[in-house]
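Close look at the chain arrangement
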Amino acid sequence: MSAPDTGPDPAPVLELIDAFRRSKAMFAAVSLGVFEALGEAPADVSSLSARLLGPTVPHGPLERLLDACVGMGLLAKRDGAYANQPVSETYLCNRSPLSLTGYVLYSNEALFPMWAHLEDAIREGTHRWTQTFGWQGPIFDNFFKTDARRRSFLRGMHGFGQLSSAAVAAAFDLSRFHRLADLGGATGHLCIAACQRYPQLRATVFDLPMAIAIARDYVGASDALSRIDLIAGDFFRDDLPPADLYALGRILHDWPEDRIRLLLAKIYAALPAGGALLIAEKLLDDDKSGPVPAHLQSLNMLICTEGRERTLAEYLALLREAGFASVEGCRTGAPVDAVMATKAIP
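The text that follows walks through the structure, step by step, so that each part is easy to find. Since we're looking at a predicted model, the values are computed, not measured.

1. Notes on the sheet that holds strand S1 (residues 43-44)
Two orientations exist for strands paired in a sheet by backbone hydrogen bonds: parallel and antiparallel. Across the sheet, three strands lie side by side as S1-S3-S2; this open sheet has antiparallel pairing. Where the open sheet ends on each side, the last strands, each with one partner, are S1 and strand S2 (75-78). Note that S1 and strand S3 (residues 81-84) share two bridges and pair antiparallel. Opposite Asp44, over in S3, you have Ala81 as the bridge partner. Its contacts with the sheet put helix H4 (residues 60-71) on S2 and S3, and the angle it makes with S2 is roughly 110 degrees.

What follows is the structure, given as structure tokens:
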């Protein structure tokens, strides 16, 4: 009798079946305040449940969540008391300068519900914010209406910036530039990293008024404060601040090509000869076989914006069309890669 055909290892499929449960468990723990509370002191489940859920709520369900977080390496458990692991203390507590909690909450409250309609996004080729929430305008104009949500999201983006901006600033030699303007610069993380690396550089964070109000706190706490200006404006509608190096970090993937062409033409016209544009985005491989985080981000852009991720060749075509003479790409090893396009010197 021949042995039964068991097929290939099912682990990749089983892991993906489980993946959304792992994400949602972390999202729920952040949303309930588990890591914030344990950041103050370890606690057993009964005291933690009374604090987070109220004294009359049974603590059994919370214990399941806490034990799952132990299994996922987010919490430690000893003698019945739970405590944060270093990774949670660093990335899942608001007090940490590297906190990603704002983006976790955004993922839980906005992205997770929209991803439930991925099939419809594939069929129709459009975002899901109207289907999911009934919003008629862009997600940015709706989800971020309150100051609390804006601050939470930008705190999360600052955490991502802390993971990437130093690598983006180091991707190319920027020592010949004197004035950097980061368009849509959010909390100023790229300007801070660039000024810290290049002592000759002055920088401008250019973003909408609501972002600039929040950026003051982050830039004000930086040792590069004296070399960074904050200017409120809309890079589609307003004049751009003068610079010989512009930056776009996680901006182009939000927009369709007609809007990108408009913005690139505006930047090109504002640059002096020899000036450059530094782009921070996750690059797809030339044959689009990877990397998986870029694929998933591209699907995320389908779900919540009008944009997508691109290959270096696709950026090259857009940048050459805008007039840039040379285009270089760099895989940084960080959550985003870098592309630099230079305006020719006559």
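2. Re the packing of helix H6 (residues 101-115) against helix H10 (residues 147-170)
Between two packed helices, the angle of one axis relative to the other and the distance separating the axes together describe the packing. Taken N-terminus to C-terminus, the directions of H6 and H10 make an angle of 120 degrees; their axes are 6 Å apart at the nearest point. As far as their axial angle goes, H10 and H6 are oblique. Considering the relative orientation of H6 and H10, their crossing is left-handed. Here Thr101, Gly102, Tyr103, Leu105, Tyr106 and Glu109 of H6 lie close against H10, whose contacting residues are Arg149, Ser152, Phe153, Arg155, Gly156, Met157 and Phe160. Looking at the contact of H6 with H10 residue by residue, the class counts come to six nonpolar, four polar and three charged.

3. Focus: the pairing of S2
Pairing geometry for S2 and S3, over four bridges, is antiparallel. The partner of Lys77 across the bridge, within S3, is Tyr82. Joining the antiparallel neighbours S2 and S3 is a turn of two residues, in which Asp79 adopts a positive phi near 55 degrees.

4. So, the pattern of salt bridges
What the rule picks out here adds up to 19 salt bridges. Of the charged contacts, one joins Arg331 and Asp285 as a salt bridge, the two residues approaching to 3.0 Å between their closest N and O atoms. Highlighted residues: Arg331 in the loop between strand S9 (326-330) and strand S10 (337-342) and Asp285 in the loop between strand S8 (276-281) and helix H14 (292-304), separated in sequence by 46 residues. The salt bridge partner of Glu314 is Arg308, with a shortest N-O separation of 3.4 Å.

5. As for a nonpolar patch on the surface
Taken together, the side chains of Val13, Leu14 and Ile17 present a nonpolar region at the surface, about 280 Å² in accessible area. Locating Leu14 in the fold gives a position in helix H1 (residues 11-32).

6. Side note on the pairing of S8
For S8, a buried count of six out of six residues is recorded, marking the element as mostly surrounded by other parts of the structure. Going residue by residue along S8, you find Ala276, Leu278 and Ala280 tucked away on one face and Leu277, Ile279 and Glu281 tucked away on the opposite face as well. Here five bridges tie strand S7 (residues 245-249) to S8, and the two strands are oriented parallel to one another. If you follow Gly249 over to S8, its bridge partner there is Ala280.

7. Points about the side chain of Arg128
Along the chain, Arg128 turns up in the loop between helix H7 (118-124) and helix H8 (129-133). Take Arg128: its relative accessible area is 3%, and that puts it in the buried class. Once residues within four sequence positions are removed from consideration, Arg128 is found in contact with Met114, His117, Asp120, Ala121 and Ile303.

8. Topic: H6
In an α-helix, one turn spans 3.6 residues; hence positions three or four apart end up facing the same way. For H6, the principal kink sits at Ser107 and spans about 40 degrees. Of the positions making up H6, those classed as buried are Thr101, Gly102, Tyr103, Val104, Tyr106, Ser107, Asn108, Ala110, Leu111 and Met114.

9. Digging into the nonpolar core
Phe172, Leu174, Leu180, Ile228 and Leu278 are the most contacted members of the largest nonpolar core, which has 29 residues in total. Breaking this core down by element, the ones donating at least two residues are H10, helix H11 (189-197), strand S5 (202-207), helix H12 (209-220), S7, S8 and S10. Per element, the largest residue contribution to this core is five residues, and it comes from H11. Setting aside chain neighbours within four positions, we find Phe172 in contact with Tyr198, Leu278, Glu328, Gly329, Cys330, Ala338, Val339 and Met340.

10. Considering unusual backbone geometry
The bulk of non-glycine residues show a negative phi, and the bulk of peptide bonds are trans. Note that the residue after Gly290, namely Pro291, is joined by a cis bond; omega there is -10 degrees. Structurally, the position occupied by Pro291 is in the loop between S8 and H14. At Asp79, a residue that is not glycine, the phi angle is positive and equals roughly 55 degrees. Checked against the element boundaries, Asp79 lands in the loop between S2 and S3. Residue classification places Asp79 among the exposed positions, given a relative accessible area of 79%. A positive phi angle is found at Ala186, which is not glycine, with a value near 55 degrees. Looking at the secondary structure, you find Ala186 in the loop between strand S4 (179-183) and H11. We classify Ala186 as buried; its relative accessible area is 11%.

Conventions adopted
Residues numbered from 1 in each chain as written. Predicted model: local features only at pLDDT ≥ 70, side-chain atom pairs only at ≥ 80, totals over all residues. Heavy atoms only, no water. Pairing = 2+ DSSP bridges. Helix = DSSP H or I, 4+ residues; strand = E, 2+ residues; numbered from the N terminus. Contact = heavy atoms within 4.5 Å. Axes fitted to C-alpha atoms, helices over the stretch in contact; angles between N-to-C directions. Parallel < 35°, antiparallel > 145°, perpendicular 65-115°, else oblique. Left-handed = near helix turned anticlockwise from the far one by under 90°. Nonpolar A, V, L, I, M, F, W, Y, C, P; charged D, E, K, R; others polar. Salt bridge = Lys/Arg side-chain N within 4 Å of Asp/Glu carboxyl O. Patch = residues over 30% accessible without salt bridge, like charges linked within 9 Å, V, L, I, M, F, W, Y side chains within 5 Å. Areas by Shrake-Rupley, 256 points an atom, 1.4 Å probe, with all protein chains shown as cover. Buried < 20%, exposed > 50% of the residue type's maximum accessible area, 1.4 Å probe, protein only. Bend = angle between axes of the 7 residues up to and from the residue. Core = buried A, V, L, I, M, F, W, Y, C linked by side-chain atoms within 4.5 Å.

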